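Working through the structure, step by step
Chain residues, written in single-letter form:
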Amino acid sequence: MATMARPPALSSESRVPSSSAPKNPVSLRLYKVLSTRFDDESTREALQTLSELYTTPSKGKEIAREEEPEADREDEVPRPTQAKDASLKELIPGESAARARKHLRKDMESQLAEGSRAFLQAFAEVDQKLDGLQAHVAAMRVACDDAEAQLKLTDDASRTLLERASNLRDERNEVESKRSIVTLFLDRFTLSDEEAEALTSRDVPVGSRFFAAMDKTQRIRDDCRVLMAGEDGPTQAGLDIMSATSSRLEAGYDKILRWCTYEFTALRDTHIEVPPNLSEAVRRLRDRPELLTSALTTLAQTRSQTLMDAFLAALTRGGPGGLPRPIELHAHDPLRYVGDMLAWVHQAIAAEREFMEGLFGVGGDGRMVGSVRSFDEGSEEEGWIRELMDLGVAKLCVPLKVRVQQTIRSQESCIVSYKITNLLQFYMLTMQRTISEQALLSKTLQEIMEIAYQVFYDTVDNLGRALLRNTLDFDDPSLTPPLVILDHAQILREIMAVYQSSLAGDEDANEDQTGAHILDAMLDPAVEMCLKASEDKKALRPKWDREVFVLNCLTFLDGVLEPFAFTAKKREALQELIREHVAALTEEHYHDIMVDAGLYDAVETCEHPPTDEPLSRLPTTRPSDLQTALHTFALWLSGLEVVESPRLAQLAGQRLASEVHRAALRRMAHAYRNLCAAVRRAENKYEAASTLLGGERPFGQVHLLWQIFGFGEEEEKGE
């Protein structure tokens, strides 16, 4: 309910001075009204309240008020609605406002009284509700008192039960603790039914479940040994656990043995992958060497028979569908036949080595193909692998050896024989580097290679002996190497090419002896044949030039050896022989040109005088004879023989012919110098020696003779 606010008092500025203010109440009121400020919030609120209080009532309320009895209307306090009703009937302006000012207090008190009655009526209802609530609270308090009394009686009655329950709870906790300890002990030191079944049952395969059970059994035994090593000594429980686990563990090892034996028997392929379970089973059997030996014996027998069957199939039937073709189809080609067999064996060895490394869990050593394998003699796995590989390829050695020996002994060509020998040597070295020198296959290849070398040496020796039995055609005037020497040298060249290609840089003394034996067996008979045949032909044909023929043959053989480094020692011996024959040819050529030039007799007399008489008195060195010789020499210097000799033109090497010719000319120049010196000496009693020498070229001037021969000044001074 709103209350009417009082109008604010006049401000000091709006008041009229008392001396000039009118005393008329109307004027005072007017001044008061005019000085009121209606922009004040409280004033505006008060006016709003008054406007709501004296608002014109609705038509329905007006009709209801008209229907009320007059007695009631006279008794009731005049209300604002009455003022409003009166305002409707206002005939004089301002009459309603005046009536409102007149009955404002009364209307306000009526409004307040009406609000108070409504408030009291509402609180009367609340008071009734509170009385009911208080009754309910009282009833509840009584019920709670009864429940508390009952609870106290119950608590007294159940205290004993609670104490018993507490004791039982403590006992249960103790039992649970003991049960958990026993459970942990049993879990740690006993096998479950599933684990025991995995170790002993045939229905459970060897796999991860089986290996897990074995690991747990071994762990139980290890832990039990630790517990039994205390101060009190072994307990009965520990002994029982060790006994039970021992029987279970042995049953597990027997199961592994049976399974491995079955699996090894089924390995009938040459290229197989090792299952992880099989490798793990072999690793565990290493704790029982006798069981592992039994299983690996079965494996060795299986692999040996498998490789043997596969080798025979490759020889006779070939691969699947006929590809690759059977090896024995190439028996007509001995080199390919032997090479295919050795290549198959080498491939089988490599596959077998890979299989064994996977079986024993040995990782690859990063070794390149063909490089030397480092064998760890202290490694147990390496020992098993080598032994199994030896047993696996044992059956291959006999058929391989028989076939290779038959092929070698049936060869007539020493080149093919040596190629096969070289091939055998290569595979022998490869096997020694792969499976060691003590392996059965390596020893077998060593035996075959030795037989092959012996056959090759016999063939080479036969070639040498056959060459020595050859003789030259006595009607052939040619000085070039004969056809038999050319054919023999071609065979030697091919053999040396094969030998050179087989050298790898790490050869031992045996390989050096092989090269030396080849050269001795092939070269020495050729040289001997040339020397002997040339002697025989020289005896029957005196005009036949033996030295030129021998030098042509020797230089040809030296050219055959030149491209090969391993022939250095043999070439030194051959070149020494060539130098001997070059010296002999030079001597013969010097004699020939001195005879042709007419100086031979005079020079021989000067160098070896028959008597002590002066040279001018001797037959060949008399002035007339000497003049004739010098004239012949001057004519010879004008011919072509100074530049080249028809005899030396038949030498195969132009360099060698030039060397011999120049050496002979050099000796001629020395002989002429000695002749001139002897003529000029007074004891030889030549008259006009300078005139005698200066009558023919080179006029007694040795340096001029050097120039005619084409020798330089340095060569002349050196001489």
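Just so it is clear, the model here is predicted, and its values are computed rather than measured.

1. Examining the overall build of the protein
- Regarding its fold elements, the protein presents 27 helices and zero strands.
- Taking all 719 residues of the protein together, 38% fall into the buried category.
- Put simply, 73% of the contacts in the protein that link residues at least 6 apart link residues at least 24 apart.
- Roughly 42,500 Å² of accessible area belongs to the protein as shown, and the carbon and sulfur atoms make up 54% of that amount.

2. Here we look at the packing of aromatic side chains
- Counted according to the given criterion, the structure contains 13 aromatic pairs.
- Ring centres 5.7 Å apart and planes at 65° place the aromatic pair Phe-210 and Phe-211 in the edge-to-face group.
- Here Phe-211 falls in the buried class, since its relative accessible area comes to 7%.
- Arranged with centres 6.1 Å apart and planes meeting at 55°, the rings of Phe-564 and Phe-566 form a pair that is tilted.
- Accessibility expressed as a relative area gives 10% for Phe-564, which makes it buried.
- Aromatic ring contacts, followed pair by pair, group Tyr-418, Tyr-453, Phe-456 and Tyr-457 into a single cluster.
- Sitting over the face of the ring of Phe-355, Arg-303 holds its NZ or CZ atom 5.3 Å from the ring centroid.

3. Side note on the confidence of the model for the protein
- Of the residues in the protein, 84% have a pLDDT of 70 or more, and the chain-wide mean is 82.
- Confidence, expressed as mean pLDDT per element, reaches its minimum in the protein at helix H3 (residues 59–67) with 43 and its maximum at helix H15 (residues 394–409) with 93.
- Within the model, pLDDT remains below 50 along residues 1–21, and this stretch shows 24 contacts once partners closer than five positions in the same chain are excluded.
- Note on residues 58–89: pLDDT is under 50 here. Beyond four places in sequence and across chains, it has 35 contacts.

4. Some details on unusual backbone geometry
- Residue Arg-697 is joined to Pro-698 through a cis peptide bond whose omega torsion reads 10°.
- Looking at the secondary structure, you find Pro-698 in the loop between helix H25 (689–694) and helix H26 (702–709).
- Positive phi, normally seen in glycine, also occurs at Ser-436, with a value near 80°.
- Take Ser-436: it is sitting in the loop between helix H16 (414–435) and helix H17 (440–468).
- The exposure class assigned to Ser-436 is buried, which follows from its relative accessible area of 4%.
- Positive phi values are uncommon outside glycine, yet Ala-688 reaches one of about 55°.
- Residue position: Ala-688 is located in the loop between helix H24 (654–680) and H25.

5. Concerning the nonpolar core
- Core analysis: the biggest nonpolar cluster contains 125 residues, and Phe-264, Leu-359, Leu-424 and Leu-441 have the highest contact counts within it.
- The greatest single-element share of this core, amounting to 12 residues, is contributed by helix H12 (residues 289–316).
- Sequence-distant contacts of Leu-441, that is, excluding residues within four places in its chain, are made with Val-345, Ile-349, Val-393, Cys-397, Leu-400, Met-431 and Ile-435.
- The next biggest cluster of nonpolar side chains, apart from the first, holds 36 residues, and it includes Leu-630, Ala-664, Tyr-686 and Leu-692.

6. Quick notes on the packing of helix H10 (residues 236–265) against H12
- Interhelical geometry of H10 versus H12 gives an angle of 5° and a closest axis separation of 8 Å. By the criterion of interaxial angle, the relationship of H10 to H12 is roughly parallel. Residues Tyr-253, Asp-254, Leu-257, Cys-260, Thr-261, Phe-264 and Thr-265 of H10 lie in contact with H12, whose contacting residues are Leu-291, Ser-294, Ala-295, Leu-296, Thr-298, Leu-299 and Thr-302.
- Of the residues in the contact of H10 with H12, the class split is eight nonpolar, five polar and one charged.

7. Some points on the pattern of salt bridges
- Scanning all chains against the criterion turns up 34 salt bridges.
- Between Arg-403 and Glu-328 there is a salt bridge, and its shortest N-O distance comes to 3.2 Å. Of the two residues, Arg-403 is situated in helix H15 and Glu-328 in the loop between H12 and helix H13 (334–359); the sequence distance between them amounts to 75 residues.
- A salt bridge links Arg-546 to Glu-535; the nearest nitrogen and oxygen atoms lie 2.6 Å apart. Of this pair, Arg-546 sits in helix H20 (residues 546–561) while Glu-535 is found in helix H19 (residues 509–540), placing the two residues 11 residues apart along the sequence.

8. Structural notes on the environment of Phe-549
- Topologically, Phe-549 is positioned in helix H20.
- Measuring from C-alpha to C-alpha, the distance between Phe-549 and Ser-478 comes to 8.2 Å, with 71 residues separating the pair along the chain.
- In contact with Phe-549, not counting residues within four places along its chain, are Leu-472, Leu-479, Thr-480, Pro-482, Cys-530, Ser-534 and Trp-544.

9. So, the side chain of Ser-534
- Assignment of secondary structure puts Ser-534 in helix H19.
- Relative accessible area serves as the criterion here: at 0%, Ser-534 is assigned to the buried category.
- Only 3.4 Å separates the side chain of Ser-534 from the side chain of Arg-546, close enough to count as a polar contact.

10. Considering the side chain of Lys-255
- Mapped onto the elements of the fold, Lys-255 is located in helix H10.
- A distance of 2.5 Å separates a polar atom in the side chain of Lys-255 from the backbone oxygen of Val-204.
- Residues contacting Lys-255, with those up to four places away along its chain left out, are Ala-198, Leu-199, Ser-201, Val-204, Val-206 and Phe-210.

11. Focus on the packing of H16 against helix H18 (residues 483–502)
- Packing of H16 against H18 leaves a shortest axis separation of 10 Å and a crossing angle of 10°. On the basis of the axis angle, H16 is roughly parallel to H18. Contacts from Cys-414, Ile-415, Tyr-418, Lys-419 and Asn-422 of H16 reach H18 at Ile-491, Glu-494, Ile-495, Val-498, Tyr-499 and Ser-502.
- When grouped by side-chain class, the residues that make up the contact of H16 with H18 number seven nonpolar, two polar and two charged.

About the criteria used
Residues numbered from 1 in each chain as written. Predicted model: local features only at pLDDT ≥ 70, side-chain atom pairs only at ≥ 80, totals over all residues. Heavy atoms only, no water. Helix = DSSP H or I, 4+ residues; strand = E, 2+ residues; numbered from the N terminus. Buried < 20%, exposed > 50% of the residue type's maximum accessible area, 1.4 Å probe, protein only. Contact = heavy atoms within 4.5 Å. Areas by Shrake-Rupley, 256 points an atom, 1.4 Å probe, with all protein chains shown as cover. Phe/Tyr/Trp six-rings, centres within 6.5 Å; stacked < 30°, edge-to-face > 60°. Lys NZ or Arg CZ within 6 Å of the ring centre and 35° of its normal. pLDDT = per-residue confidence, 0-100. Core = buried A, V, L, I, M, F, W, Y, C linked by side-chain atoms within 4.5 Å. Axes fitted to C-alpha atoms, helices over the stretch in contact; angles between N-to-C directions. Parallel < 35°, antiparallel > 145°, perpendicular 65-115°, else oblique. Nonpolar A, V, L, I, M, F, W, Y, C, P; charged D, E, K, R; others polar. Salt bridge = Lys/Arg side-chain N within 4 Å of Asp/Glu carboxyl O. Polar contact = N/O pair within 3.5 Å; in protein donor to acceptor, adjacent residues only side chain to side chain.

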